[in-house]
Amino acid sequence: QVQLVESGGGLVQPGGSLRLSCAASGSIFSIYSMGWYRQAPGKQRDLVASITDGGSRNYSDSVKGRFTISRDNAKNTVYLQMSSLKREETAVYYCSADEVRTAAGYRAAVWGQGTIVTVSS
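We now turn to the structure provided with this report.

Reading the values: the criteria
- Residues numbered from 1 in each chain as written.
- Predicted model: local features only at pLDDT ≥ 70, side-chain atom pairs only at ≥ 80, totals over all residues.
- Heavy atoms only, no water.
- Salt bridge = Lys/Arg side-chain N within 4 Å of Asp/Glu carboxyl O.
- Buried < 20%, exposed > 50% of the residue type's maximum accessible area, 1.4 Å probe, protein only.
- Helix = DSSP H or I, 4+ residues; strand = E, 2+ residues; numbered from the N terminus.

1. Some remarks on the pattern of salt bridges
- Across all of its chains, the model carries 3 salt bridges by this definition.
- For Asp61, the salt bridge is made with Lys64, and the minimal N-O distance between the two is 3.0 Å.
- Taking relative accessible area as the criterion, Asp61 reaches 62% and is therefore assigned exposed.
- Of the charged contacts in the structure, one is a salt bridge between Arg66 and Glu89, with a shortest N-O distance of 2.5 Å.

Written out as structure tokens, the structure is:
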């Protein structure tokens, strides 16, 4: 059973920074892509950033230059460093893992439970 556990959410002032972490656990052989999505109240879940096991990164246009995604393949952990945060980025941030190969088989996609980020003064 693969699980993703996010941490690092919380309250931050506009213009501030926050670092999210997501660790995948289970008998994991490989994970092709890991990423972060966010969902604000009443809105759809949107991609924030993703990174492959080879290090290729993809960012939403709205976060380019402010957010940095990184990954530790040995620890099956992905990070999201967020800077210059805006009020409208208040949301639940979800971690995702795609094409996960484990001792129990293949999982196309796995989601974390989400961590809340509130940008407010």
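After presenting the structure, the write-up continues.
2. Regarding unusual backbone geometry
- A positive phi angle, near 50°, is found at Asn76, a position not held by glycine.
- As for its placement among the helices and strands, Asn76 is situated in the loop between strand 7 (67-72) and strand 8 (77-82).
- The phi dihedral of Glu99 falls on the positive side, at around 55°, and the residue is not glycine.
- For Glu99, the location among the structural elements is in strand 9 (residues 91-102).

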